[in-house]
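# Working through the structure, step by step
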Amino acid sequence: MTVPDEHLLILAAILFATGVAGFLLRRNAIIVLASIELMLNAANLSFVAGCRMHSTSAAVNLDGAIFTIFVILVAAAEAAVGLALVIALYRLKQTVHLDALNELEG
Amino acid sequence: MDRYLADLGLIAPELVLTLLSLVVLVWDLVTKGRDSRQVAYLSLAGLGVVAYLLLGQWGDLAATGGKAETVAFGMVTIDAFGTFFKLFTVGSLAVVILFVLADRRERKHGIGEYYFLLLGAGIGVFFMVSTNNLLLLMLGLELLSLASYSLAGFHKSERRSAEASMKYVIFGGLSAGIMLYGISLLYGLTGTIDLNEMGIADGSGWPVGLAAQFAQDPVPVAVAIVLILAGFAYKVSVVPFHFWTPDVYEGAPTPVTTFLAVASKAAGFAVLLRFVGALFLVEGVDSTVAAYGERIGLLIAILAAVTMTLGNLSALRQTSMKRMLAYSSIAHAGYVLMGLAAMTPAGFSAAMFYLAAYYFMNLGAFGFLLYFEGVNKSEDIDALKGMGWKAPVVSIVMVAFLVSLTGLPPTVGFYGKLLLFYEGVDAGLGWLVLIAALNSVVSLFYYFRIAKALFLSEPAEREAEPQPFFTGFLALLGVGTILFGIYTEPLQNWSETGTDSLGIAEASE
Amino acid sequence: MLTLLVFLPLVGALLCLLVPSSNRALLRMVALGTSVVVAAMGVVLFARFDGASAEAQYVASAAWFTLPGAGAIPIRMLLGVDGLSILMAALTAVLMPIVILSSWGHIGERVKEFLVWMLVMETGMLGVFLALDLVLFYFFWEVSLVPLYFIVGIWGGEKRLYATVKFFLYTLAGSLVMLVGVIWLVYAAGTADIAALTARASALPSETQGLLFGAFALAFAIKVPLLPFHTWLADAHTEAPTSGSVVLAGVLLKMGTYGLLRFGIGMFPTAAVAWAPLFMGLGAVGIVYGALLAMAQNDVKRLIACSSVSHLGYVVLGMFALTQVGLRGSVIQMVNHGLSTGLLFLLIGMIYERRHTRAIDQFGGIAQSMPVFAFFFVFAVLSSVALPGLNGFVGEYMILLGTFQASPFWASIGVLGVILGAVYLLSATRRLIFGPIVHAANAKLADLNAREIGLCVPVVVLCVWIGVAPNLFLGKLDGSIDALAERLDDARVAAAEAQADEVAAR
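Residues numbered from 1 in each chain as written. Chains lettered and ligands numbered in written order. Predicted model: local features only at pLDDT ≥ 70, side-chain atom pairs only at ≥ 80, totals over all residues.

Across its full length, chain C holds 21 helices and two strands. Relative to the globule expectation of 23 Å for 506 residues, the C-alpha radius of gyration of chain C, 22 Å, shows essentially globular dimensions. Dimensions of chain C along its principal axes, counting C-alpha atoms only, are 80 × 55 × 40 Å. Here chain C holds 506 residues, and the buried ones make up 61% of them. (Helix = DSSP H or I, 4+ residues; strand = E, 2+ residues; numbered from the N terminus. Rg over C-alpha atoms; globule rule 2.2 N^0.38 Å. Buried ≥ 20, exposed ≤ 12 C-beta atoms within 10 Å, placed from the backbone.)

Structure, rendered in C-alpha cells:
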C-alpha cells in the first residue's frame, strides 16, 4: 500500500499552517524558532511529494529531493544562529520572551 | 573536463571572493586578531581583484550581447544583469569596509570575522543575482541572510544590537519558510526548479510550463508565486513585510545597516526583477501568462503605492536620523517597485538605474550618519544643530545626497525618478506616478530637516575633529551623485545592457 | 554664447569656493566681476536680438540623454532666446550685479557661502529663461530653488525658519505636480523640444490639454503667486535678506509669470482661452486684495511684499486678457515690477541697516536727514504707482487697455487697484519720508554713500528709459507675441466652431 501524493501535500499544508500559527501566537523565542523549523519541514515534505509525483520508473526527477537536503542544511544553520542569539539575549535580559525586545520602538 | 574548466572561468569572480573570505578567516585566526585593520586591507585588495575580474567579464558580455553562452554547471547564469549588480555589490562592500575602518565606536582588534561575514554575505549576493535556478537562488539568499543576522548582532553585548539581530532572525526565518513553501508548491506544479523552463516550457509532459498551469487552474500556481514574492518582498522591505526594517536598521552597527540598506536590498530587487521577468515577460511568453503578469504588475503597483506612502509618513515623525533613514529606505523600495510594476523592459532598466543611484546616495547618507555618530555620540537629528558650520565639507556633500534622495536636480536621484516616472506613465500607471510625486513632497519635509539642523541653526559650540580621509571619501560619493545626475549616459547604458541580457520583451497587446 | 551666459555664474561660484573664506574682498570681487561680465553679455544679447523674428535665436544645442521606452525621446541641452525670454534674461543678468553689490551692506557673515549660492541661483534663473527643452527647463527650475532655501534660511530675519519651510514646501509641491505634467506631456507628444511641443501640444485630446494646462498652471500660480497661494510670499519676502528679496521680486517670481506665458498660454492656447476668465478674475482680485493687505501693514517691507502680490495681479490679468496689447503689457510689466519693487527693497534694506527696524511708525521726516534716499524712494514709489513718463505707466496702461478689450468688468476692477495702489504707497511714503522728525534717531541718519547710490542709479535709468522710450523694449517682443496671438486666434476660432457645431447638432 502506498500513501497517495495528495495526503503528503495535505499534511505539508497542515504543518505549514501550524508553523505560521505558532509563529504568530507564541511569544517564546525558542518556540517561535521551532515554528519556523516546522514551516521549513512542511516545505521539505511537499518537495519530496513533488519529487515522487514527477518521477516515473524510467526517469527520476531528483530536483525536489536535492532541494530537501539543502533546506535541511539551511534550517540547521538558521537554528544555530537563532539559538546562539537566544543565548546572547538571555545573558542580557534573563528571559527569552519576545515581548522583552523593547529597546527599539518608534 | 574542458567544459568544467570553462565553467569555472565564468564564475572566477565568485571563486576569488570565496577564496578571499577563507583567507581572511584563516589570517585572522593565525594572527589571533591582533590588528584587524590588516584584515580589512587584505579584504579591500581582494575586492579590487574581484572588481577587476568583473569588469573584464562585463567587457566580454557587452561584446557578445550581454549573456554568456553556457550556463555554468547548469545553474549559474552569467549575464550582464547579474554582473551589473555584482559590480555595485563589490563597490558597496568596499565602502562598508572603509566605514568599519572609519567607525570610531568600533574596536580595532579582534574583529576579523566582521570582514569575513561581510565577504560571506557578498558571496551570497553574487550567487543569488546570477541564477535562474531556484535552488541556487535560495542558497545565495540564505547565505546572505545568515551572514546578515550575525552582522546585525555583531555587538552582541549591546542590547540594541542583540535585539535587532533576534528580530531579524525571527522575521527572516518566517520569510524563508514562506518562500520555500512557495517554491516547493511551484516545483510540485511544474516539476522543475529552473525559472526559464517554467516560463518557456509547453504543456506536454514534464516540466509543465506556467501557461498550462494557468489555463488549467490558476489558483495554486498564483498562490505559489505570491508566497515566493512575499519572501523577496521581505528582503527589500516592502509593506507589509517591512516590520523588521526600522528596528534592525537602528539596532545594527551603522556599517552593517549600510550594507543591509544598500547591497542587500539591491540584491533582493535583482532577484525580484529576474524572477518576475523570467516568468512573465520572457520573450515568446504565452498570452495567458502575460495576462496574469499584468495582474501581478497591478498588485506590485498597489504595494509600491502603499510602501512609499507608509515609509514616508513614518519617516516624518522620527527624531533619530538612523531610524529616519530606515523608513526612507522603505519609501525608496516603493519607488523602485514602480519600475517593476510597469512590467516593461524599459521599466526594469529604470528600476536598475534607480538602484544604481540608490547605491550612491544612500552610501553617502549613511556615511554622513556614521561620521556624525563619531562626532556627536548620538544619532539624533537635533544633535546635528549648527554642525554644518563645523564640518562644512561633509555637510554640504550631505545636502547633495539629500537633494538626490528627494529627487531634485541636478543629481542622480532626480534622473532616476524622472526615468521611473516616465516609465510609469508609459505603462499607464499615471495614478501611481502622481502618488509618487506627492510622496516626494512629503519626503522633502524630513530630508530637509537635516539640512535645516545643519545650516539654519546657530553654529554649534562643539568642534568637529577633522577626519580628512573620511571627508574626502564622502566628497567623492557626492561628486558621483551630482556627476551621474548630469552625465547620465554610462549608468543608463549599463542598466539597459543589463535588462537586455534578461531576454525579456515588451508584452504584446 | 548662451551656454557661456548660463554657466559663467556657475564657474564664478566654483572660483569663489577656491578662495579662502577669510579673504572677503577677493571673494566679493570674484562674484561681482562674474556677474558684471554676465550682465555685459546680457546687454549685448539684448542689443543684438532681432525682435521681429519669432524664431529662437543664438540657439546652442548639445545631446544630453535619451528617454527610453516606446519611442526614444532625446533630451538636449537646448538653449535659445526668443521674444518671450529676452527681456527676462536681460533683466536677470542686469539685476544680479546690483544684488551682489548690495550684499556688501548686510551680509557680514559667511560671505563666501552667500556669494556661492547667489551665483548658483543665477545659473538656475538664466537657465529657466533660456532653456528650450522642457526637461532642461524643469532641471533649471529646481536648481534655482535650493539656493533660495539657504539664502533665506541662513541669512534671513528672525522668523526665517518658518518662512523658509513655508516657501520651500509651497513651491516644491507645485513643481512636483509640474514634473508629473512635464513627463506626461513629453510622453504624450513624443518630444521634449519646446518649439516642437508647442506645435504638437494642440493636437492632443482636449481633456489631456486641460489637465496638463492645470498641472503647469498650478505650479506657476504658486510661484507667481496667484491669490490663494500668496501667503508664502509675504513671509519669504519679509524674512529674506535684502538681496534675497530683490532677487525674489526681481526674477524668481517672474519665473512663474514667464512659465504661465510660455507653457500655459503658449502650449495650450485652447485651454488658456477656456480658463482665461478664471485667471483674469484671480489676477484682478489679487490686485485689490494685495492692495488692501498692504494698507494694513506697519512693517514697510511686508507692505512692499503685499504690493508685489498686487502688481503681479496686473501681470496675470493682462496676460490672460489674451490680447496683443495685454500680452505685451504684461511682459513689460514683469520687467517694471522687477525694477521698481527691486529698487524699493534695496532702499528699505538701506534704512534697515541704519535703524534696524522697518516699522513705519518708527520713521518720519527722514527726507531732512537723508535727502538722496528720499529722492530715490519717492522715485521708486512713483514708478510703482505708474506715473506717466515712468516705466510703470507703460505697463499698466497697456495691461488695462488690453484687458478692457477682453473684459471691461475686470479692467475696471484693475483701475480700482491703480487707485488703491496710489493710496497706500503714497501714504506710506508720507509717513516714512515726510513730515516732522518724531524720533530723535532719525535726525542723525547718514545719507546714502557712493556704493548705495551706485546701486540705485542703473535701476533709475532703466525705469526712465522704459518710460520714455518703451518701443525699444516692446519692439523685441513683436515676433514672438504676434506668433502667440495668432495661435490664440486660431484656438478661439476652433473653440467657436466647436460650439457652433454643438449648437447645430442640437
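Before going further, it helps to examine the interface of chain B and chain A. Opposite the 37 residues of chain B that make contact, chain A presents 37 residues. When residues of the side of chain B that touches chain A are traced back to their parent elements, those giving at least two are α6 (134-152), α7 (159-190) and α11 (244-251) of chain B. Class assignment of the residues belonging to the side of chain B that touches chain A gives a composition of 17 nonpolar, eleven polar and nine charged. (Contact = placed C-beta atoms within 7 Å. Nonpolar A, V, L, I, M, F, W, Y, C, P; charged D, E, K, R; others polar.)

Let us now look at the environment of Ala121(B). Residues and elements named next belong to chain B. Tracing the backbone shows Ala-121 in helix α5 (residues 112-128). Looking at Ala-121, the number of C-beta atoms within 10 Å reads 28, which means it is buried. Here the alpha-carbon distance between Ala-121 and Phe-455, two residues 334 residues apart in the chain, equals 38 Å.

The interface with the highest contact count, out of two pairs of chains in contact, is the one between chains A and B. In this structure chain A stays clear of chain C, and the shortest span between their C-alpha atoms is 25 Å.

Core analysis: the largest hydrophobic core is formed by 445 residues, its most contacted members being Leu118(B), Ala266(B), Ala341(B), Ile450(B) and Leu347(C). The leading source of residues in this core is helix α15 (residues 345-376) of chain B, at 23 residues. If near-sequence neighbours (up to four positions away) are discounted, Ile450(B) is found in contact with Met321(B), Ile381(B), Leu384(B), Met398(B) and Leu402(B). (Core = buried A, V, L, I, M, F, W, Y, C linked by C-beta atoms within 7 Å.)

Let us look at unusual backbone geometry. Going from Pro409(B) to Pro410(B), the amide bond is cis rather than trans, its omega being 5 degrees. Note that the residue after Val224(C), namely Pro225(C), is joined by a cis bond; omega there is -5 degrees. Position of Pro225(C) among the secondary structure elements: in the loop between α9 (206-223) and α10 (231-239). The residue Ala386(C) is not glycine, and still its phi comes out positive at about 70 degrees. Examined against the element boundaries, Ala386(C) turns out to sit in the loop between α16 (371-384) and α17 (391-406). Of the residues examined, Ala386(C) has 25 C-beta atoms within 10 Å and is grouped as buried.

Let us look at the packing of helix α3 (residues 36-63) of chain B against helix α4 (residues 80-102) of chain B. Residues and elements named next belong to chain B. Following both chains from N to C, one finds α3 and α4 inclined at 160 degrees, their axes separated by 10 Å at the closest point. On the basis of the axis angle, α3 is roughly antiparallel to α4. Crossing of α3 against α4: the hand is left-handed. Across from Arg-37, Ala-40, Ser-43, Leu-44, Leu-47, Val-50, Ala-51, Leu-54, Gln-57, Trp-58, Leu-61 and Ala-62 in α3, the residues of α4 making contact are Ala-80, Thr-83, Lys-86, Leu-87, Val-90, Leu-93, Ala-94, Ile-97, Val-100 and Leu-101. Residues that form the contact of α3 with α4 fall into these classes: 17 nonpolar, three polar and two charged. (Axes fitted to C-alpha atoms, helices over the stretch in contact; angles between N-to-C directions. Parallel < 35°, antiparallel > 145°, perpendicular 65-115°, else oblique. Left-handed = near helix turned anticlockwise from the far one by under 90°.)

Here we come to helix α12 (residues 254-281) of chain B. Residue and element names in this part refer to chain B. With 28 residues, α12 ought to run about 40 Å at 1.5 Å a step, and its terminal C-alpha atoms sit 38 Å apart, in line with that. By the largest-angle criterion, Leu-260 marks the main kink of α12, which is about 30 degrees. Counting buried positions over the 28 residues of α12 gives 27, a clear majority of the element. (Expected span 1.5 Å × (residues − 1). Bend = angle between axes of the 7 residues up to and from the residue.)

What follows covers the interface of chain B and chain C. Listed by partner, the interface residues are 25 residues for chain B and 25 residues for chain C. Breaking the side of chain B that touches chain C down by element, the ones donating at least two residues are α15, α17 (412-426), α18 (430-455) and α20 (489-501) of chain B. With nine residues, the top contributor of residues to the side of chain B that touches chain C is α18(B). Residue composition of the side of chain B that touches chain C, by class: 16 nonpolar, four polar and five charged.

Turning our attention to the environment of Leu45(C). Residue and element names in this part refer to chain C. By secondary structure assignment, the location of Leu-45 is in helix α2 (residues 24-48). Overall, Leu-45 belongs to the buried group, with 20 C-beta atoms counted inside 10 Å. Those residues within four positions of Leu-45 in sequence are excluded, and the remaining contacts are Leu-5, Tyr-58, Val-81 and Ala-90.

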